[in-house]
Amino acid sequence: MGFFSKILDKLGMGDDKPSNTTTTRTMSPASHLVGSGMGSGIALAPRPVAVVDVVAQLETRAHATTQKLNWRTSIVDLLKLLDLDSSIEARKELAKELHCPPKLMTGSAKMNMWLHQTVLQRIAENGGNVPPSLLN
C-alpha cells in the first residue's frame with residue numbers, strides 16, 4: 001500500500017466504503033441514444049458515485065484535537081490531522097510516489113507546497129469533495 005493510499009483510507013476513500021458519503025447519480029453518455037436508433041440498443045444503468053466531504057471530515061478532526069493545525073495550507077498539518085507520519089522522510093516518500101518534479105525535491109518548502117496542492121488535487125480526483133479555493 002502506497003502512502004497516498006493511506007491518506008485515502010484515513011478519509012474513508014479506500015477499498016472499504018466510506019461511512020459519510022453523498023451519493024449522486026450520473027447518466028451514461030450513451031443512454032440518451034438508446035431508442036433513437038443511434039445507440040447499440042443496450043442501456044447502461046447509471047452508477048452511483050460516492051463523494052466524500054473532505055472539508056467536513058478534516059474540520060471535525062481539527063476541532064477534536066488540541067493542536068493548532070492548519071491543514072488548508074500545510075501538508076505537515078494535514079498529515080498530522082490524519083494521524084500519518086509527517087516527517088521529512090515520509091513527505092519525500094509521498095512526493096516521489098506522486099511524481100514530484102526533481103527540482104522541487106531539493107528544497108523542503110517548495111516540495112511541501114507542491115505536495116499539499118497535489119495531495120488535495122488527487123483526493124478530489126478520487127472522489128473527495130474539495131472546494132476549488134483549495135485546489136488553486
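As the structure is a computational prediction, the values presented were derived from the model and not from experiment.

The rules behind the values
Residues numbered from 1 in each chain as written. Predicted model: local features only at pLDDT ≥ 70, side-chain atom pairs only at ≥ 80, totals over all residues. Heavy atoms only, no water. Core = buried A, V, L, I, M, F, W, Y, C linked by side-chain atoms within 4.5 Å. Buried < 20%, exposed > 50% of the residue type's maximum accessible area, 1.4 Å probe, protein only. Helix = DSSP H or I, 4+ residues; strand = E, 2+ residues; numbered from the N terminus. Contact = heavy atoms within 4.5 Å. Arc of directions from axis to C-beta.

(A) Broad picture of the nonpolar core. The biggest cluster of nonpolar side chains holds 35 residues, and the ones touching the most others in it are I7, V119 and I123. Contributing elements (two or more residues each) for this core: α1 (3-10), α2 (54-63), α3 (75-81), α4 (88-97) and α5 (108-125). Sort the elements by how many residues they give to this core and α5 lands first, with six residues. In this view, I123 contacts F4, I7, L8, L11, M13, V54, G128 and V130; residues no more than four positions away in its chain are not counted.

(B) Geometry of the environment of K96. Along the chain, K96 turns up in helix α4. Expressed as a C-alpha distance, the spacing of K96 and L115, which sit 19 residues apart in the sequence, is 9.8 Å.

(C) Structural context of α4. Within α4, burial applies to A90, R91, L94 and A95. Projected down its long axis, α4 carries its buried residues within an arc of 140°, all on one side. Of the exposed residues in α4, those oriented more than 90 degrees away from the buried face are E89 and K96. Taken together, the buried residues of α4 touch α1, α3 and α5. Immediately beyond the C-terminal end of α4, within one or two residues, lies H99, with a positive phi of roughly 65°.

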